[in-house]
Structure formats: C-alpha cells, structure tokens
Amino acid sequence: MKGCHCAMRMLDIILKKRDGGELTREEINFFIREYVEGRIPDYQASALLMAIYFQGMTGPETADLTLAMAYSGVTVDLSSVPGVKVDKHSTGGVGDTTTLVVAPLVAACGVPVAKMSGRGLGHTGGTIDKLESIPGFNPFQSVRDFIRIVKEVGVAVVGQTENLVPADKKLYALRDVTGTVEHKSLIASSVMSKKIAAGADAIVLDVKTGNGAFMRSVEDAFELAREMVSVGTHVGRRVAAVISDMNQPLGMAIGNALEVREAIEILRGERAGALKEVSLLLGAYMLYAAGRCSTVEQGREMVEEALDTGRGAQKLKEMIRAEGGDERVVDDTSLLPVADEVIAIKAQQGGYISRMDAYSIGQAARLLGTGRNTKEDKIDHRVGIVLHRRVGEKVEKGETLAEFYVTQKHNLDGAIDIFNKGVDIDKQPPLPKPLVYGVVTPEGIERW
C-alpha cells in the first residue's frame, strides 16, 4: 500500500497548488525526496510543475524547494578552507568567458573561489568544455581533490559531480519536455540549489538579457535576479546579481580554445573590451560579497591591481597545473589546439554595424562544431568564430567582419548564412546599448 499512499499524498499536493494554495516545507520535501527515489511518476511531477508554472510560488516556497533540491544528493563541505568562499554563476551566453578571467583574479586577491561548472548545450558555451581545450586539463576532480585544490591554490573550477543535486537533473529534464523551463521560481531554485550544494558562502550571479540569453527582456532578467538573490539570502548566503547585456557576444571569440586564448590575453594585459569590463565588475562584487573590501569601488581597484601586476595570470597557471593541465599555455597560447583553416567573412556593404545577433552567431559557431545538440555529442575544441567588429563600429565594404576557424566543410555554408543573417549594417550608427543594466542585492535594485 506504500505506493498508493504516496500517489494519494502527491495528488493532494498537485490539487493544492493547482488551486493556488501555498505548499508547506513538508510537502515540498516529500515531493523532492519521493521523486528522486523514483516513487513519484513523471506524469505527477509534470502535473505539479505545470501547476507551479501557472500559479507561481511564494518566496518561502521557492526557498524551501531550493533547499530540498540542494540536499537531494551529495553536498560539498568547504568549512576546512579558511575564509569566505565565493562562487560565480552566469545564466549563459555567447562568448561569455568571464569565469576564466575573474576566478583567478579574485583568488589572487586572497578570496578562495570554489566553482562547479557545467557543459554547454545549444547556442551557449560551457566553462568545462572551454577548460578541456587546455592540453591535459582534467575538470573532473573528486570532491576531496576539489577541496584540496581550493585550499592549496585558492581557486578550482571543476565539473559537477554526478551525485550533486540529482533532483535538479531529473526535474530539468522533465521541464525541458513539458514546457515549464521559463518560470522564474523554477529557474531560481535550479541555479541556487547547485550553488548551495557546491558549498560557497557568497555567490555573485551574472544574469544575461537579450537575444542570446534565456531572459530576453531586461525586466524579466531583473525579476529573475531578484528571485535568486531573495532565495540565496533566505538560506543564509551573501548574494549579488549583475544584469548584463547579451544582444551581441560578450567576447570577440566564440569557441572553446579560442575563448581560452582571449581570456589569457586579457589576463596578460594585452586585450581590452566588453569581456574584460564585465569580468572586472563581477570580480569587484565577488570581493565585496566575500567581505574582502568595504566598497565595490575598492573591490574594482583590487582586481585591476591583480590584473596589472600579472598575479591573475599566475593564479590561472597554478589552477591549470593543479588540475593536470599544461600551464605553459598562459605564456604561449599557440599550445592550444586551433583549426588549420581560417575563412574570412567580409562585409557585404559599408556602414555602421547595427546588429550582431548573439543567438545567431552562437548557432553559427555551433554548426562549425563548438557545441552540441545533445549531451552525448562530441565537440571540436579547435573551431569557432573570432569577431573583428562590434555593434556601433564602422565598416567598409569588403572588410573582414569575422574569421571562421573550420575543420570540416559540411556545415560551413549554413554557418555563414546564419552569421550573415544575424548581422545588420546601416548608414546611421545605432543608439548605444548599456553593457550592464544594473545590480540586484539584498538591499534592493540599482538600475544604471
């Protein structure tokens, strides 16, 4: 009769949420525990997700769901690492290589960075895929080695362990096929449960908005940020969320080894631009959230000094060595894998670039082999796109807009077509868009 009792209880929970009721902590814990154990069928879990999608969740409900998911599997205990441990998470974008810049910079300022990252799926890149393009680098460390590396080096970026937040893995797969992905409480609990399970005390979120982001509108991005900051604060973490633009790629490189090369060039002081700016801002907030400085402005000065003195680049070397990789890539990026053939994409007319659609460019890069459609797909670390221009810049007809790094030709025409359709050139310069729209902290929303 145990299965019958479970189904009856689950039906009561579905009906309560369907009719707009607020679920108790016990009901949420029951749902997560029984679903992970396989005692609640997918069709009932789907029904509850759809009820949540339409009826919403209160702040306490979202916090309870987040904690239930966070503790559904193994959690990482970082208490043996001295100081306030900080983590950073991006909601995903194109050319978004901030982790490889900011994690070593923050660690070089004396704040331990403990980050578990995922792979890319669809048009967005994954930090783990990028790191795997470094010869020898092994992101799949045991929890014990993860903690040891954070202790010894001050920074580790590793792949998520299989038994971390199993509830999220099961629920995300279900949301993906039931039309319930784009709900703020469900997104917030998914992101924050992984961050809490990974053990950090302070978390800085980079919430992307625009055509290359999951949150297309600025208001939706602020709302999601507010939800995640609220959940994190509710469970005792120090959280801040930066709202940044993803209407065009953040960096100039899209593709795994190419993005690593760009991050290294920033850390060596050889490259400026949007990727560097957002990285320094996130670093400032990470230091502030960790209590390492008394103002964000002071945090900015600290990360800039770590960059200018080369301590950030040195810290990246130490992390690469600790995770089995060839640290020489930091001094010599030619050791990274790169495609032999480079094809220039030319401007078909002169004028000002008014649009470089991040989603389209991400899709073009994926066709070249940078990403995957399913988790089982293999990716090619050598391929990708390097942009030569950004929105607002002037270009002459026949000038190079981008370079395609290719190893196989079968998808090349399709990739070029998607790229060209994603770029507009007009006679008048476009109105500038902000790189950062504002910040959400426990104290409130600050719009820039």
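The notes below deal with the structure included here. Position labels on residues start from 1 in each chain and follow its written sequence. In view of the model being predicted, local features appear only for residues whose pLDDT reaches at least 70, and side-chain atom pairs are presented and counted only at 80 or more, with totals across whole chains, interfaces and linings using the full set of residues. With hydrogens and water stripped out, all remaining heavy atoms of the structure feed into the side-chain values.

**Examining the sheet that holds strand 12 (residues 423-426)**
Reasoning step 1: Strand pairing is assigned whenever DSSP detects at least two bridges linking the two strands. Secondary structure elements are defined from DSSP: runs of H or I of at least 4 residues count as helices, runs of E of at least 2 residues count as strands, and each element is numbered from the N terminus. Strands sit in the order 10-8-12 across an open sheet of three strands; the sheet is antiparallel. Each edge of the sheet is formed by a strand with only one pairing partner; in this case those strands are strand 10 (394-395) and strand 12.
Reasoning step 2: Direction of pairing for strand 8 (residues 351-356) relative to strand 10: antiparallel, over a ladder of two bridges. When the bridges of strand 10 are listed, Tyr352 appears paired with Lys394.

**Topic: the packing of aromatic side chains**
Reasoning step 1: Here a pair means two rings of Phe, Tyr or Trp (six-membered ring of Trp) with centres within 6.5 Å. Their orientation is stacked below 30 degrees between planes, edge-to-face above 60, and tilted elsewhere. In this structure the tally under the stated criterion is three aromatic pairs.
Reasoning step 2: Where Tyr53 meets Phe54, the ring centres are 5.4 Å apart and the plane angle is 85°; that geometry is what we call edge-to-face.
Reasoning step 3: Classification of residues uses two cut-offs on accessible area relative to the type maximum, computed with a 1.4 Å probe and protein chains only: under 20% is buried, over 50% is exposed, and between them is partly exposed. Relative accessible area serves as the criterion here: at 29%, Tyr53 is assigned to the partly exposed category.
Reasoning step 4: With a centroid separation of 5.5 Å and an interplanar angle of 90°, the aromatic rings of Phe404 and Phe419 are classed as edge-to-face. Of this pair, Phe404 sits in strand 11 (residues 400-406) while Phe419 sits in helix 16 (residues 412-421); the two residues are 15 residues apart in sequence, bridging distant segments of the chain. You'll find Phe404 and Phe419 in the same group, each marked buried.
Reasoning step 5: Between the NZ or CZ atom of Arg216 and the centre of the ring of Tyr359, over which it lies, the distance is 5.8 Å.
Reasoning step 6: For a lysine, the NZ atom is tested; for an arginine, the CZ atom; a charge sits over a ring if that atom is within 6 Å of the ring centre and within 35 degrees of the ring normal. In this arrangement the basic side chain of Arg447 is found over the ring face of Phe222, its NZ or CZ atom lying 4.2 Å from the centre.

**As for the sheet that holds strand 11**
Reasoning step 1: What the four strands build is an open sheet, ordered 6-9-11-7; its pairing is antiparallel. Edge positions in the open sheet fall to strand 6 (253-254) and strand 7 (341-346), since each of these has one partner strand only.
Reasoning step 2: Of the pairings in the sheet, the one linking strand 7 to strand 11 comprises six bridges and is antiparallel in character. Note that in strand 11 the partner of Ile345 across the bridge is Ala402.
Reasoning step 3: By definition in these notes, contact holds between two residues if any of their heavy atoms fall within 4.5 Å. Axis definition: a line fitted to C-alpha atoms, limited for helices to the stretch in contact. Angles are taken between N-to-C directions and run from 0 to 180 degrees. Against the sheet, helix 16 touches strand 7, strand 9 (384-387) and strand 11, its axis set at about 150° to strand 11.

**Quick look at the pairing of strand 8**
Reasoning step 1: Examined bridge by bridge, strand 8 and strand 12 share four bridges and lie antiparallel to one another. The residue bridging Tyr352 from the neighbouring strand is Asp426, located in strand 12.

**Side note on the packing of helix 5 (residues 98-108) against helix 14 (residues 311-322)**
Reasoning step 1: For the pair helix 5 and helix 14, the least separation of the axes is 8 Å and the interaxial angle reads 105°. The orientation of helix 5 with respect to helix 14, classified from their angle, is roughly perpendicular. Facing Leu100, Pro104, Leu105, Ala107 and Ala108 of helix 5, the residues of helix 14 in contact are Arg311, Gly312, Lys315 and Leu316.
Reasoning step 2: The nonpolar class holds Ala, Val, Leu, Ile, Met, Phe, Trp, Tyr, Cys and Pro. Asp, Glu, Lys and Arg form the charged class, and all remaining residues, Gly among them, are polar. Looking at the contact of helix 5 with helix 14 residue by residue, the class counts come to six nonpolar, one polar and two charged. Orientation is classified from the angle alone, with under 35 degrees giving roughly parallel, over 145 giving roughly antiparallel, 65 to 115 giving roughly perpendicular, and any other angle giving oblique.

**Things to note about the packing of helix 12 (residues 274-289) against helix 13 (residues 296-308)**
Two measures define how a pair of helices packs: the angle their axes make with one another and the distance between the axes.
Reasoning step 1: Contact geometry for helix 12 and helix 13: axes closest at 8 Å, N-to-C directions at 120°. If you check the angle between helix 12 and helix 13, you find them oblique. Helix-helix and strand crossings are classified by hand; for helix 12 and helix 13 the assignment is right-handed. Along the contact surface, helix 12 presents Lys276, Glu277, Leu280, Leu281, Gly283, Ala284, Tyr285, Leu287 and Tyr288, while helix 13 presents Val296, Gly299, Arg300, Met302, Val303, Glu304 and Leu307.
Reasoning step 2: A breakdown of the residues in the contact of helix 12 with helix 13 according to their chemical character gives ten nonpolar, two polar and four charged. Put simply, a crossing is left-handed when the front helix is turned counterclockwise from the back one by less than a right angle, and right-handed when it is turned clockwise.

**A word on the pattern of salt bridges**
When the charged atoms of two side chains with opposite charge come close together, those side chains can pair.
Reasoning step 1: A side-chain nitrogen of Lys or Arg and a carboxyl oxygen of Asp or Glu constitute a salt bridge if their distance falls within 4 Å. Per the stated rule, a full pass over the model turns up 33 salt bridges.
Reasoning step 2: Taking the shortest distance from any N to any O, the salt bridge between Lys16 and Glu27 comes out at 2.9 Å. Taken together, the positions of Lys16 in helix 1 (residues 2-18) and Glu27 in helix 2 (residues 25-36) put the pair eleven residues apart, joining distant regions of the chain.
Reasoning step 3: Of the residues examined, Glu27 reaches a relative accessible area of 17% and is grouped as buried.

**Examining the nonpolar core**
Reasoning step 1: For the purposes of this section, nonpolar cores are sets of buried Ala, Val, Leu, Ile, Met, Phe, Trp, Tyr and Cys residues that join through side-chain atoms within 4.5 Å. Counting residues in hydrophobic clusters, the biggest one holds 121 residues, and the most contacted among them are Phe31, Val106, Phe146, Ile385, Leu387, Phe404 and Phe419.
Reasoning step 2: Examining the composition of this core, we find that eleven residues originate from one element, helix 12, more than from any other.
Reasoning step 3: Residues within four places of Val106 in sequence aside, it is in contact with Val86, Val111, Val113, Gly283, Met286, Leu287 and Val303.
Reasoning step 4: Judged by nonpolar contacts, the second largest core, of 23 residues, contains Ile187, Val207, Leu224 and Met228.

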